[in-house]
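Single-letter residue listing:
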Amino acid sequence: MLPPLPRYRAEQVFAWINSGVDSFEAMNNLPLALRRELDSCFCLRKTSLVKKLEDGGGAVKLQIGVSGGMVEAVVLVDGAGRRTACLSTQLGCAMGCIFCKTGLMGFARNLDGAEITEQFYHIRKFYPDIANIVFMGMGEPLLNLGELRRALDVLCHTMSPRRVTVSTCGLADGIISLADEGPAVRLAVSLTSAREDLRGRLMPVSAANPLWRLKEALRYHQARQRRRITLEAALLGGINTGAEDAAAIAAFAEGLDIVINLIPWNPVENLSFEGRPLKEPSAAELGRFCAELGKRGLKTVLRRGKGRGISGACGQLGAAGKDSP
Ligand code: SF4
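First, a word on what this report is: a plain description of the structure on this page. These figures come from a predicted structure and were not determined experimentally.

Observations regarding the overall build of the protein chain
And then number 1: Within the protein chain one finds 10 helices and 14 strands.
And then number 2: Over its C-alpha atoms the protein chain spans a radius of gyration of 21 Å, differing by no more than 12% from the 20 Å that the globule rule assigns to 325 residues.
And then number 3: Out of the 325 residues in the protein chain, the part that is buried amounts to 40%.
And then number 4: Partitioning the intrachain contacts of the protein chain with sequence separation of at least 6 by distance along the chain shows that 68% fall at a separation of at least 24.

Remarks on the sheet that holds strand E7 (residues 130-135)
And then number 1: Spatially, E1-E2-E3-E4-E7-E8-E9-E10-E11-E14 is the arrangement adopted by the 10 strands of the open sheet, whose pairing is mixed. Only two strands of the sheet have a single partner each, and these edge strands are strand E1 (48-54) and strand E14 (300-302). Between one strand and the next, the sheet's axes are offset by a mean angle of 25 degrees, whatever the strand orientation.
And then number 2: Note that strand E3 (residues 69-77) and strand E4 (residues 83-86) share 4 bridges and pair antiparallel. Looking across to E4, one finds that Leu76 is bridged to Thr84.

Considering unusual backbone geometry
And then number 1: Backbone torsion omega between Gly182 and Pro183 reads 5 degrees, so that peptide bond is classified as cis.
And then number 2: With respect to the secondary-structure elements, Pro183 resides in the loop between helix H6 (172-181) and strand E9 (186-190).
And then number 3: Phi at Arg226 is positive, roughly 55 degrees, even though this residue is not glycine.
And then number 4: Relative to the assigned elements, Arg226 resides in the loop between helix H8 (211-225) and strand E10 (229-235).
And then number 5: Of note in this structure, Glu274 is not a glycine but carries a positive phi near 50 degrees.
And then number 6: Residue placement: Glu274 occurs in the loop between strand E12 (272-273) and strand E13 (276-277).
And then number 7: Note on Glu274: 8 C-beta atoms within 10 Å, which makes it exposed.

Considerations on the nonpolar core
And then number 1: Of all hydrophobic cores here, the largest spans 77 residues; its most connected members are Ala73 and Ile249.
And then number 2: A total of 6 residues in this core trace back to one element, the largest contributor, which is E3.

A short note on the pairing of strand E2 (residues 60-66)
For a regular strand, side chains alternate in direction, first toward one face of the sheet and then toward the other.
And then number 1: For E2, a buried count of 6 out of 7 residues is recorded, marking the element as mostly surrounded by other parts of the structure.
And then number 2: The sheet contact formed by E1 and E2 spans 6 bridges and is antiparallel. Within the sheet, the bridge partner assigned to Leu53 lies in E2 and is Lys61.
And then number 3: Between the antiparallel neighbours E1 and E2 lie 5 residues, among them Gly56 with a positive phi of about 85 degrees.
And then number 4: Looking at chain direction, E2 and E3 are connected through 7 bridges and run antiparallel. Its bridge partner being in E3, Val66 is matched across the sheet by Gly69.
And then number 5: The antiparallel pairing of E2 with E3 creates a hairpin that spans 2 residues between the two strands, and Gly68 there sits at a positive phi of about 90 degrees.

Rules used throughout
Throughout, a residue's number is its position along its own chain's written sequence, starting from 1. Residues qualify for local features only when their pLDDT is at least 70, as the model is predicted, and side-chain atom pairs are given and counted only at 80 or more; totals for whole chains, interfaces and linings, by contrast, use all residues. Secondary structure elements follow DSSP: runs of H or I of four or more residues count as helices, runs of E of two or more count as strands, with numbering from the N terminus. The quantity called the radius of gyration is restricted to C-alpha atoms. Its globule counterpart is 2.2 Å times the number of residues to the power 0.38. For every residue, the other C-beta atoms within 10 Å of its own C-beta are counted; 20 or more classify it as buried, 12 or fewer as exposed, and values in between as partly exposed. C-beta atoms are placed from the backbone. Contact definition: two residues whose C-beta atoms, as placed from backbone geometry, lie within 7 Å. Any two strands between which DSSP finds at least two bridges are classified as paired. Angles shown run from 0 to 180 degrees and are taken between the N-to-C directions of axes, each axis being a line fitted to C-alpha atoms and, for helices, limited to the stretch in contact. For this entry, the nonpolar core is defined as buried Ala, Val, Leu, Ile, Met, Phe, Trp, Tyr and Cys residues connected by C-beta atoms within 7 Å.

As structure tokens, this is what we get:
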């Protein structure tokens, strides 16, 4: 049992943890006896780095061992050299979006706050200059909101909430909870299709969260948080890239301040839609769809599949074992 310590000791320890050290031994502004005492009372890491994969273009994927399996966290770099850490919140995912590898894995369990936070610390050891955090890795963050908030309590000491984005597949109750209770992070929603019937066939979440309910939640969030919301659309060749799809997105977006991230589907083996293998949209299809959205005055950003070479792009996460790519 530790004797009471002055407050500044806690601040020193927290600063060390935030800097990414993984042992009390390394905290060299603490007396040696205290470091030993801390080591005997506390565990500084409950996860371990298993593998680091790099694609040569700046994208990096870390496979991190947690109790019962492995989660993946990704670092992506933009044209200006800014790095974004993409973190996971669950081991697997129960939402079953048909275009996503994590959905194919099924759900094992929620990660706890420490397991979420430590992904960032593993990344920071290699890249101390992370500019943004996005929760777009494995799992549905809003189904693990309590532990996500615990992680953000810590992470937002070093990262402004404005630089943090939480992405959901469209859980209206979770969006309202974020609007009411925060934290005031940015919100992204995987819309994929604004045609009710098609969305229902692509994303089982929409059965309990139909488009009208999702839109109501987004309106509420925007009225409370006063932030632009990102809508994401995974573009599936021949499925959700027609003129009627663009028109439906435009109708859904009416009255909302949004930007649309267009994500050409990143290939994953064994994923199909109603008996047909999924495919990427062709360049011509993509061009036509972007033009249709532009014609309707929508702001779009095309997200090319960074990290594909290491199965680290959007929708490709889901390491099953130590030798997974
Ligand atoms: S896209 Fe997100 S919510 Fe959907 S199955 Fe994949 S990880 Fe889960």
